[in-house]
Every structure is written in structure tokens, then in C-alpha cells.
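# Architecture at a glance
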Number of protein chains: 2
Amino acid sequence: MPRWEPDAVGRLQAAALDLFAEQGFERTTIEEISRRAGLSKRSFFNHFGDKREVLFGPVSEMQRETVTREIAACPGTLPPLEAVVRGLQAAADAVFEARRDAAARRRDIVEANPELRERELRKQAALTDAIAAALRARGVDPDTALLSAHAGMVVHRTAMRRWTRSTDGRSLRDHLSDALNALRATAAQTAGQGDADEAS
Amino acid sequence: MPRWEPDAVGRLQAAALDLFAEQGFERTTIEEISRRAGLSKRSFFNHFGDKREVLFGPVSEMQRETVTREIAACPGTLPPLEAVVRGLQAAADAVFEARRDAAARRRDIVEANPELRERELRKQAALTDAIAAALRARGVDPDTALLSAHAGMVVHRTAMRRWTRSTDGRSLRDHLSDALNALRATAAQTAGQGDADEAS
């Protein structure tokens, strides 16, 4: 039985983010992360399968569960993309809002490392599939479910990007609303509104 | 100097698709692909760096070049997402339309293999970045460029999926128009249009 270690996951993640930022992801060992967190290597492996997982593990699990639970709980006639954004907003409040600094540092580390970017893409693809499945469970047809899930991920990526870069203190929830509006505006623009479309 | 080998790339790709479908991606060797195509192993390596690349190589290069060239050539005031879809339509005509059967078989093979799905995600991310760069070169601000590029990729994935699955003979160009309209309809739906939104 592992000893009870208050917030071992949070301490290990904070130590890992510090070390990755200081000396790079590749050069940091699990030994160093555990020592910096004041924990044993055994504690690390109680919570994470490998070094990469410290950047992905519990948070992406919690996100997926919260998003899909909220989608299932939305009123039945709510349009699919709105249901997806409500799910993402529930996860924003429950999982991300208190971790803005960590999210920003994590983003820089992931973007700098091709191997980590790849795992990020895979996690996003898995989340997209889970969202589409949650929509199908609401009776949304498969094509619309997949389209809405992908559109929701565009909103998610846009909002995360702005939230981790901005200093105005707006919540991720609000950035998700803004990003949905931005997607709507971008999608609605047609050539007819321009004055230089050669077909007009 | 390699001998001149008419459509060596096409022959190698067709042979690879046959063999991957018959016996699986993992169990097929480059030797077998070359032999089936009536070419040497050396010919294979004249065109592809490894076995996976036979599913990705020249086609994704041609697609990227065609899409970004077309975006650059669009009228300056065309809205960003419309420019992206025009780019994708140009690539649909030039690269994909004549290869529908190969595209459908390729999709099945990629979806069945995690390693190939991963490379597919990476290629799509690279195409997204190239599209965003082409939009920025038109003077589109970086946030809108990235959002429009991602939205365009949603249109692309939706259209490819329907085109490779449908038997109605509609062109990929038309499926891209349909998918853009579907994205517009999905994005435009708001809770106010439903009759069971608890906030109304």
C-alpha cells in the first residue's frame, strides 16, 4: 500500500513542469522529478506510466469524463455544437480554471517537442471520438455528431490558445464562448459579402 | 540514373494498397510491394523513404502545394474560410478525383493501424499550419487564420469521409461544398431555436 501523500499528482506535475522548463523534456529524468517533488520514484510510478504521461494523464481523463457527462446531461433539443461547448465549459471550470499557469507552461513544453505534440494530437483525436459518441448517444446522426465534435475541438483549441496567452483575467469558460462566436462569424462569411469575388 | 519507369509511383502505390488489404500493413514487405509492381526494391527507395510513406508521400505534398497556391491566388477580399475551401477544391480536382477507389482503400488501411493514424494526424497538422500560413500571407490576422485553417480541415475531413463512403458519383469538389454548408448550419444553430433550452 502506498503511503498517503497529499496531492502527489499535483506536486509531481509541478516539479516536472519546472524541470522541463529549466533543462528540457529530454534531459529530465523521472528520478529528478520525484526528488524535486519530495517523493520517491515508486510514488511517480504509482501515478504515471512514463515521463510523457505526467503532461497528459489524469487531466485528460478528467476532461474527457466531465465533457461527456455534461453532454449527456444537456437538454435533449440543445443543438449538438452548443452541447459540445457546454461540455467543454464544464471541464474548463472543473479541470482547467485553477491551473492556468501550469496549462501555459505545459503548452510551451508540448509545442517544443515533436514526440509530445504527437501524443497531444492522439489525445485530441481520442477526445473528439468520445465527444462524437456522446452526441450519438443523444440521437444525433453519426455524420453530424462527428462534424460537431470536430467543430467543438476547433473552439476548444482556439479558446485554450487565447486563454493561455492572454493576461486579461477572462475565464476559459468565457474564452470558449468567444471562440464559438468567432467560429460562427468565420463560418457565416460568404463571398457575396466581399466586393472582389470574381463570380459576383 | 534510374531507368524511366512509367508511373512507378502509381504502380507502387496500387501494389501496396493491394498487399496491405490482402495481408495487412505490418506483414507486407517493401520487397513484396516492389515485386508486385514489377519494379526493383531500388525503384521503391527512389520514390519513398519507408513503407509508411507509400501511403502519404507525393499525394500529401501535391495536396499542400495545390491548396496553398490556390489560397494565394484567390481574390483578396474572399473571406478566409471560403479561400481555404477553394484551395481544398483545387486539390480535390488535381490530386484526388481520379483516385477515389485508392483513397477509400487507403482510408481503411490507415484507420486500422494506430501507427498510420498517428502519421495521418501529423500530416493533417502540418497541412493546417501551411493553410494558416497561406492565410496570414493574405493579411489575415493570426488568430483568424488558425481558426479558419482548422475549420477548413473539419470541412476537408467531413467531405473525404462522405466522398469515400458514398456511391452516388458526386465529386469531392461537391462534397466539399456540402460539408461547408453542413458546418455553417451546425455552427449557426443556437439554443434559442430549440424548444427545450432551460435558459429560454
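Everything discussed here concerns the structure shown above.
First things first, this report covers the structure right here in the doc. (Residues numbered from 1 in each chain as written. Chains lettered and ligands numbered in written order. Predicted model: local features only at pLDDT ≥ 70, side-chain atom pairs only at ≥ 80, totals over all residues. Heavy atoms only, no water.)

Our focus in this paragraph is the overall build of chain A. For chain A, the count of helices and strands is nine helices and zero strands. In sequence order, chain A lays out its α and β elements as α-α-α-α-α-α-α-α-α. In terms of its C-alpha atoms, chain A occupies a principal-axis envelope of roughly 65 × 40 × 30 Å. Residues classed as buried in chain A amount to 50% of the 200 residues present. In chain A, once contacts between residues fewer than 6 apart in sequence are set aside, the share between residues at least 24 apart is 65%. Of the roughly 9600 Å² that chain A leaves accessible, carbon and sulfur atoms contribute 50%. Looking at chain A, you have 30 positive and 30 negative side-chain charges, and the mean spots of the two groups are 5 Å apart. (Helix = DSSP H or I, 4+ residues; strand = E, 2+ residues; numbered from the N terminus. Buried < 20%, exposed > 50% of the residue type's maximum accessible area, 1.4 Å probe, protein only. Contact = heavy atoms within 4.5 Å. Areas by Shrake-Rupley, 256 points an atom, 1.4 Å probe, with all protein chains shown as cover. Lys, Arg positive; Asp, Glu negative; His and termini not counted. Charge placed at Lys NZ, Arg CZ, Asp CG, Glu CD.)

The next thing to look at is the interface of chain B and chain A. The parts lose accessible area when they come together, and the size of an interface is often stated as this lost area. Each side of the interface is counted separately: chain B has 38 residues, and chain A has 38 residues. Contact between chain B and chain A buries roughly 3600 Å² in total, counting both sides, with carbon and sulfur atoms accounting for 59%. If you sort the residues of chain B by the area they bury against chain A, Glu118, Leu147 and Thr186 of chain B come out on top, with a joint share of 16%. Across the chain B-chain A interface, the total number found is eight salt bridges. A salt bridge links Arg117 of chain B to Asp129 of chain A, with the shortest nitrogen-to-oxygen separation between them at 3.8 Å. Taken together, chain B and chain A are joined by twelve residue pairs in polar contact (both at pLDDT 80 or more). Of all the secondary structure elements, the ones that give two or more residues to the side of chain B that touches chain A are helix H5 (80-96), helix H7 (114-136), helix H8 (142-165) and helix H9 (172-188) of chain B. With eleven residues, the single largest contributor to the side of chain B that touches chain A is H8 of chain B. A class-by-class count of the residues in the side of chain B that touches chain A yields 16 nonpolar, eight polar and 14 charged. (Buried area = accessible area lost by both parts, 1.4 Å probe. Salt bridge = Lys/Arg side-chain N within 4 Å of Asp/Glu carboxyl O. Polar contact = N/O pair within 3.5 Å; in protein donor to acceptor, adjacent residues only side chain to side chain. Nonpolar A, V, L, I, M, F, W, Y, C, P; charged D, E, K, R; others polar.)

To continue, consider the environment of Glu111 of chain A. Mapped onto the fold, Glu111 of chain A is located in helix H6 (residues 100-111). Ignoring any residue separated from it by four or fewer positions in sequence, one finds Glu111 of chain A in contact with Arg117 and Arg165 of chain A.

Turning our eyes to something else, we now look at the nonpolar core. If you look at the biggest cluster of nonpolar residues, it comprises 80 residues, and the most contacted ones within it are Ile131 of chain A together with Ile131 of chain B. Other than its neighbours up to four places away in sequence, Ile131 of chain B contacts Val67, Ile71, Val84, Ala149 and Met153 of chain B. (Core = buried A, V, L, I, M, F, W, Y, C linked by side-chain atoms within 4.5 Å.)

Time to look at the relation of the copies chain B and chain A. For the pair of chain copies, the relating transformation is a rotation about an axis with a translation along it. With an RMSD of 0.0 Å, chain B superimposes on chain A once it is rotated by 180° and translated 0.0 Å along the axis. The transformation relating the two chain copies, once decomposed into turn and shift, fits a two-fold axis. When the interface residues of chain B are mapped onto chain A, 100% of them again lie at the interface, so the same face is used by both copies. (Least-squares fit on C-alpha atoms with pLDDT ≥ 70 in both.)

What describes two packed helices is the angle between their axes and the distance between those same axes. All names here are of chain B. Running from N to C, helix H4 (residues 57-73) and H7 cross one another at 20°; their axes reach a closest spacing of 9 Å. Regarding the angle of H4 to H7, the classification is roughly parallel. Of the two possible hands of crossing, H4 and H7 adopt the one that is right-handed. Only Lys123, Leu127, Ala130, Ile131, Ala134 and Leu135 of H7 make contact with H4, whose side of the interface consists of Ser60, Gln63, Arg64, Val67, Thr68 and Ile71. Within the contact of H4 with H7, the residues separate by chemical class into seven nonpolar, three polar and two charged. (Axes fitted to C-alpha atoms, helices over the stretch in contact; angles between N-to-C directions. Parallel < 35°, antiparallel > 145°, perpendicular 65-115°, else oblique. Left-handed = near helix turned anticlockwise from the far one by under 90°.)

Treat this as a map of the structure, not an account of what it does.
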